[in-house]
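# Structural features, examined
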Amino acid sequence: MTAVLTRRPGLARLRAAGSPLHLACLAFVALVVLAALLAPWLAPHDPNTVDLGDALAAPTAGHPFGVDAAGRDTLSRLLLGARTSLLGPLGVVVFSTVAGIAIGTAAAWRGGWLDSVLSRSTELVFAFPGMLLAILIISVYGEGLLAPVLALAVAYTPYVSRLTRSLVLAERARPYVSAYQVQGHSALQICLRHVLPNIAPVVLAQSAINFGYALMDLAGLSFLGLGVPALTPDWGRMVFDGQTAIQHGYPLSAILPCAVIVLTVVAFNVVGERWADRVARRDR
């Protein structure tokens, strides 16, 4: 699960302007996104072609990363799996960010009973584990990507709404808001044209961090066999399928997707925190 943005002194020095860590993570994120977009053209083999006679074969020129227990090319499944593995977190982030901004802005701007109702409601959702909610919904609607994405989006919304509420409260106290109100601008106009653009960098930084955590949660559900269908290329599903290979002494088909998941989560976290640090220094 995620946490509200915090600054970590130990990493702050490494994330100085143009630091190698930040640039490397940014380049890795771009590489993963590019691989997902071009996966159908980059994959050397059909990711679902089964060849039991070639199962657990070592890396060769035709299969640089070897094959899994079903004889499927590991590299092809990694490339095609990037699409599903990134699409799910994207859905979680888009839904939770839009809903969280709407709830947090309404609560901060209107105040009173509406603030109390929305704040208490988000606290109830906040107290309910997102993974458990996803498992409950999947048990009702069956496997697939939509159910866990919606469940995690609901679970992630309180993080965005609480952050948005605090930011909007701070912005509303600024003199420019009172000036626009005196000029006759509506609350909707002030929020859309001025308040939300001012808080957008911080919210987007939090969304980048949420993306990494959502990727990790969805991969965990797929590893449990509760995410995408069995034949769908997915990094979490590849780790699940790789258990058989590990038992036979061929861990590569499970280690590679694990490594990609970890590196992608770390990269999104570093990029998001770097963005948050830049916004904090700008506002000083």
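Conventions we followed
- Residues numbered from 1 in each chain as written.
- Predicted model: local features only at pLDDT ≥ 70, side-chain atom pairs only at ≥ 80, totals over all residues.
- Heavy atoms only, no water.
- 1 Å grid on protein atoms, 1.4 Å probe; cavity = no way out; pocket = protein on both sides within 12 Å on 5 of 7 lines; lining within 4 Å.
- Points joined across faces, edges and corners; volume = space filled by probe spheres on them.
- Helix = DSSP H or I, 4+ residues; strand = E, 2+ residues; numbered from the N terminus.
- Nonpolar A, V, L, I, M, F, W, Y, C, P; charged D, E, K, R; others polar.
- pLDDT = per-residue confidence, 0-100.
- Phe/Tyr/Trp six-rings, centres within 6.5 Å; stacked < 30°, edge-to-face > 60°.
- Lys NZ or Arg CZ within 6 Å of the ring centre and 35° of its normal.
- Salt bridge = Lys/Arg side-chain N within 4 Å of Asp/Glu carboxyl O.
- Buried < 20%, exposed > 50% of the residue type's maximum accessible area, 1.4 Å probe, protein only.
- Axes fitted to C-alpha atoms, helices over the stretch in contact; angles between N-to-C directions.
- Parallel < 35°, antiparallel > 145°, perpendicular 65-115°, else oblique.
- Left-handed = near helix turned anticlockwise from the far one by under 90°.
- Contact = heavy atoms within 4.5 Å.

## Section: the layout of surface pockets
In this model, the second largest pocket occupies a volume close to 270 Å³. Around the second largest pocket, the lining is made up of 14 residues, and of these Val 32, Leu 78, Leu 79, Trp 235 and Val 260 lie nearest the centre. Of all elements in the fold, only α2 (20-42), α3 (74-110) and α10 (252-282) reach the threshold of two or more residues within the lining of the second largest pocket. Per-class residue counts for the lining of the second largest pocket are 14 nonpolar, no polar and no charged.

## Considerations on the confidence of the model for the protein chain
With 91% of its residues at a pLDDT of 70 or more, the protein chain shows a mean pLDDT of 83. Taken element by element, the predicted model of the protein chain shows its lowest mean pLDDT in helix α1 (residues 9-12) (43) and its highest in α3 (92).

## Section: the packing of aromatic side chains
One pass over the full model with this rule turns up four aromatic pairs. For Arg 172, the ring lying beneath its charged end belongs to Trp 109, and the centroid distance is 4.7 Å.

## Some remarks on the pattern of salt bridges
Applying the stated rule across the entire model yields four salt bridges. The salt bridge involving Arg 72 is made with Asp 241; its shortest N-O contact spans 3.3 Å. Of this pair, Arg 72 sits in the loop between α2 and α3 while Asp 241 is found in helix α9 (residues 235-247), placing the two residues 169 residues apart along the sequence. Relative accessible area serves as the criterion here: at 7%, Arg 72 is assigned to the buried category. We note a salt bridge from Arg 174 to Glu 171, for which the minimum N-O separation is 3.2 Å. Here the salt bridges do not stand alone but share partners, grouping Asp 68, Arg 72, Arg 237 and Asp 241 into one network.

## Concerning the packing of α2 against α3
One can describe the packing of α2 onto α3 by two numbers: an axis separation of 7 Å at closest approach and a directional angle of 130°. On the basis of the axis angle, α2 is oblique to α3. Crossing of α2 over α3 shows left-handed handedness. Contact residues: α2 offers Val 32, Val 33, Ala 35, Ala 36, Leu 37, Ala 39, Pro 40, Trp 41 and Leu 42, while α3 offers Leu 79, Leu 80, Ala 82, Arg 83 and Leu 86. Residues of the contact of α2 with α3, tallied by class, amount to 13 nonpolar, no polar and one charged.

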